[in-house]
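Observations on the three-dimensional arrangement
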There are 2 protein chains.
Amino acid sequence: MHKVAVVGGGSWGTAFAALVAENIREKTSVFDKQIVLWAKAEVVDGEEIAHGINTGKRNKKYLPGVQLPENIHCTSSLQKAIKDADILIFAVPTKYLGQICADAAQYATNPAVALSLSKGFVPHDKTFCFPSETIKRYFPEAAVSALSGPNIALEIAHRFPAETTLASADDHALGLLSSLIQNSFLSVKPHKNITAVEAYGALKNIVAVGLGAASSTGCPSNTLAVILRKGITEMVLFLDLFCGIKDTSVFLEPCGIGDLFVTLLAGRSMELGRNIAKKKEAGAPEIQAEHTAADLHAFLAAKNKTDRFPFFTAVYNAVSGKTDPESFVSLVATPNPL
Amino acid sequence: MHKVAVVGGGSWGTAFAALVAENIREKTSVFDKQIVLWAKAEVVDGEEIAHGINTGKRNKKYLPGVQLPENIHCTSSLQKAIKDADILIFAVPTKYLGQICADAAQYATNPAVALSLSKGFVPHDKTFCFPSETIKRYFPEAAVSALSGPNIALEIAHRFPAETTLASADDHALGLLSSLIQNSFLSVKPHKNITAVEAYGALKNIVAVGLGAASSTGCPSNTLAVILRKGITEMVLFLDLFCGIKDTSVFLEPCGIGDLFVTLLAGRSMELGRNIAKKKEAGAPEIQAEHTAADLHAFLAAKNKTDRFPFFTAVYNAVSGKTDPESFVSLVATPNPL
């Protein structure tokens with residue numbers, strides 16, 4: 001009997017826990033009937049988030065308006081959350097993932113399977129690694145997988161039809177997690193190459209920021225298409241140079257074109273790009289795309305490869321306030337000599 | 001000295017003639033200094049289009065607000081237009097392409113190179129062929145190429161940065177046409193597989209109609225991403241089954257993701273999809289996407305393959321008024337069993 005814990009009570013972690021909780025109710029011969037959710041200790045409207053989830057089945061701050069299933073138990077004790085769980089699901093921002101894994105490794109009792117829901121880079125040893133690699137470092141015995149796709153949390157919580165890519169080199173983990181996740185409204189597409197899937201998940205945010213910045217300057221459609229393709233071309237080049245992946249077919253999967261499309265349609269990265277000028281004045285809260293842009297730039301600079309990635313570099317310069325969006329557009333609109 | 005004729009005085013033909021006219025002014029050792037444009041006899045505001053272009057350097061109906069170069073000569077006589085031209089560029093709707101090629105073949109004096117700017121299917125012998133194949137049938141001696149990309153005509157006319165795919169199996173034609181087309185604001189990417197390029201150019205309109213229809217029903221982002229990917233998957237399947245092309249890398253070229261993106265952003269196909277319900281009442285003028293959907297459906301039905309293409313079939317049913325957009329969305333949102 002598999003026990004499942006979801007680590008991270010933000011919008012995606014909560015929505016995912018709700019989805020899994022519903023699924024396991026019908027599969028009690030395989031999974032323990034209750035899912036445990038770890039949420040950081042945080043008070044909203046005078047109530048601890050964990051308490052609100054346990055008593056009212058609501059996460060008012062991160063998933064407003066959604067009624068959660070009865071079989072979710074929430075705790076702010078990481079130890080209690082993951083004790084005895086053999087399937088660990090991490091849904092925390094990449095900047096906290098390393099520390100949370102380090103903490104979790106003290107309490108976990110040899111989980112068989114771990115799953116990353118994070119998208120982005122995890123800073124490590126003056127460079128970075130992908131979320132699954134961080135998890136693997138702390139749970140070397142576990143089969144580590146990653147989930148990535150066009151999955152706006154609130155839409156999943158409202159049961160709108162969606163699909164996602166589940167990536168792992170381990171067939172058993174793919175089967176077990178598919179059974180845990182797939183349901184009538186979420187279609188799970190398995191994939192063997194976890195690195196490709198995680199790279200697309202991180203890099204598509206940079207493409208979205210660039211398009212947002214370009215569109216904020218009134219850039220016409222033909223030129224936006226050039227900018228989009230410059231971004232995609234650099235994603236492909238990144239996978240080739242740094243991950244040894246020449247196969248571009250993963251771009252056609254949910255984690256590729258699907259996720260990029262949703263990010264352009266509804267994600268915060270595109271909004272960040274559109275608001276770069278405004279943001280510099282207003283000091284809005286940071287989002288994942290900014291960290292990804294900065295981590296990526298530091299990595300490319302360390303590898304002496306920024307000149308091969310003029311689009312990524314221009315996005316970083318715009319996000320970090322070194323240039324304004326207009327200069328970004330004029331750069332990427334220049335015919336690429338390569 | 002190459003003489004160039006553009007056949008078709010619509011927005012794209014006129015904008016393309018203007019672009020080429022500017023280019024050849026600087027390459028008078030290779031190309032004749034004047035380009036000839038054929039426009040059908042049509043009176044706008046009491047003036048023949050050809051007369052307006054020749055006297056005022058304007059095409060008021062199809063390219064309003066654009067000043068054309070001096071070295072464009074326009075005529076409504078197909079014979080005069082293509083006499084002596086050895087580079088023929090066809091920019092006419094696919095439904096007229098066969099007849100116009102048949103007429104042109106009577107007058108042409110053995111053109112060395114022909115280029116298609118059309119996107120869609122040309123009905124032929126109870127099935128269809130691609131525009132380049134129609135041209136080849138009438139000009140068997142010519143090296144036939146096709147141009148396809150994210151190229152909104154008015155934006156090209158206003159010199160906004162853009163890129164395009166130029167496809168031909170013939171290296172000499174690729175070189176000659178690149179020299180004719182490439183300039184400071186339009187980047188030309190050559191490609192060897194003309195069939196793949198033309199197939200994407202035709203099919204992306206169907207994908208855009210489907211997304212437009214879905215978005216008109218308030219379909220959420222995650223589900224739109226599923227619909228987009230269903231459409232792309234069927235494009236890939238079509239190329240595999242009927243063109244023998246398994247390589248999906250052309251999707252990453254300007255004629256693939258670039259053109260699809262611009263069609264979603266600014267093309268009339270998406271608008272058609274959004275207005276399917278309205279259109280059934282109002283009787284708006286037909287556009288290329290409707291012909292493409294109908295031609296494609298007839299072809300798939302003749303091949304007994306509609307069940308392999310549920311998305312394309314649903315789009316045809318919606319466009320032809322057999323179903324309303326809601327039923328289309330519920331069909332494509334169903335998890336695909338394949």
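Everything numeric in this text was worked out from a predicted model, so none of it was measured.

**So, the domain arrangement of chain A**
Residue and element names in this part refer to chain A. Entries for chain A in the domain assignment read domain 1 (4–192) and domain 2 (196–332). Look at where the C-alpha atoms of domain 1 and domain 2 centre, and you get two points 26 Å apart. If you look at the interface, domain 1 gives 24 residues, while domain 2 gives 24 residues. Across the domain 1 to domain 2 interface the summed buried area is about 1,900 Å²; carbon plus sulfur atoms make up 68%. At the surface where domain 1 touches domain 2, the tally comes to one salt bridge.

**Brief notes about the relation of the copies chain B and chain A**
Applying a rotation about an axis and a shift along it to one chain copy brings it onto the other copy. Mapping chain B onto chain A is achieved by rotating through 180 degrees and translating by 0.0 Å along the same axis, at an RMSD of 0.0 Å. Classification of the inter-copy transformation places it as that of a two-fold axis. Both copies present the same face, since 100% of the interface residues in chain B are matched by interface residues at the equivalent positions in chain A.

**Side note on the sheet that holds strand 2 (residues 31–38) of chain A**
Residues and elements named next belong to chain A. In spatial order, the strands read 5-2-1-6-7-10-11-12; together these eight strands make up an open sheet with mixed pairing. Each end of this open sheet is capped by a strand with a single partner; those strands are strand 5 (72–75) and strand 12 (186–191). Pairwise comparison of adjacent strand axes, ignoring direction, gives a mean angle of 25 degrees for this sheet. In terms of strand pairing, strand 6 (residues 87–90) meets strand 7 (residues 113–116) through four bridges, oriented parallel. Bridged to Phe 90 within strand 7 is Ser 116. Along the sheet, helix 2 (residues 49–56) makes contact with strand 2 and strand 5, crossing strand 5 at roughly 160 degrees. The strands that helix 4 (residues 94–107) touches are strand 1 (2–7), strand 2 and strand 6; relative to strand 6, the one it contacts most, it runs at about 155 degrees.

**Some details on helix 5 (residues 131–138) of chain A**
Taken together, the buried positions of helix 5 of chain A are occupied by Pro 131, Ser 132, Thr 134 and Ile 135 of chain A. Mapping the buried residues of helix 5 of chain A onto a view down its axis gives an arc of 160 degrees, with all of them on the same face.

**Re the packing of helix 8 (residues 194–216) of chain A against helix 15 (residues 325–332) of chain A**
All names here are of chain A. Remark: helix 8 packs on helix 15, axes separated minimally by 9 Å, with the N-to-C direction vectors making an angle of 110 degrees. With respect to helix 15, the element helix 8 is oriented roughly perpendicular. Residues Gly 210, Ala 213, Ala 214 and Ser 216 of helix 8 lie in contact with helix 15, whose contacting residues are Pro 325, Phe 328 and Val 329. When its residues are assigned to classes, the contact of helix 8 with helix 15 shows five nonpolar, two polar and no charged.

**What about the confidence of the model for chain A?**
Across chain A, pLDDT averages 92, with 96% of residues at or above 70. Scored as a complex, the prediction yields pTM 0.93 and ipTM 0.94.

**What about the interface of chain B and chain A?**
Taken together, the 38 residues of chain B in the interface contact 38 residues of chain A. By the criterion of area lost to chain A, the three top residues of chain B are Asn 222, Arg 229 and Leu 252 of chain B, representing 23% of everything that side buries. At the junction of chain B and chain A, the tally comes to two salt bridges. Inspection of the chain B/chain A interface yields twelve residue pairs in polar contact (both at pLDDT 80 or more). Counting only elements with at least two residues in the side of chain B that touches chain A, the list comes to helix 6 (153–157), strand 11 (162–167), helix 9 (221–243) and helix 10 (254–266) of chain B. Ranked by residue count, the leading element in the side of chain B that touches chain A is helix 9 of chain B, at ten residues. Across the side of chain B that touches chain A, the residue classes break down as 25 nonpolar, eight polar and five charged.

The rules behind each value
- Residues numbered from 1 in each chain as written.
- Chains lettered and ligands numbered in written order.
- Predicted model: local features only at pLDDT ≥ 70, side-chain atom pairs only at ≥ 80, totals over all residues.
- Heavy atoms only, no water.
- Domains from an automatic or database assignment.
- Contact = heavy atoms within 4.5 Å.
- Buried area = accessible area lost by both parts, 1.4 Å probe.
- Salt bridge = Lys/Arg side-chain N within 4 Å of Asp/Glu carboxyl O.
- Least-squares fit on C-alpha atoms with pLDDT ≥ 70 in both.
- Pairing = 2+ DSSP bridges.
- Helix = DSSP H or I, 4+ residues; strand = E, 2+ residues; numbered from the N terminus.
- Axes fitted to C-alpha atoms, helices over the stretch in contact; angles between N-to-C directions.
- Buried < 20%, exposed > 50% of the residue type's maximum accessible area, 1.4 Å probe, protein only.
- Arc of directions from axis to C-beta.
- Parallel < 35°, antiparallel > 145°, perpendicular 65-115°, else oblique.
- Nonpolar A, V, L, I, M, F, W, Y, C, P; charged D, E, K, R; others polar.
- pLDDT = per-residue confidence, 0-100.
- Polar contact = N/O pair within 3.5 Å; in protein donor to acceptor, adjacent residues only side chain to side chain.

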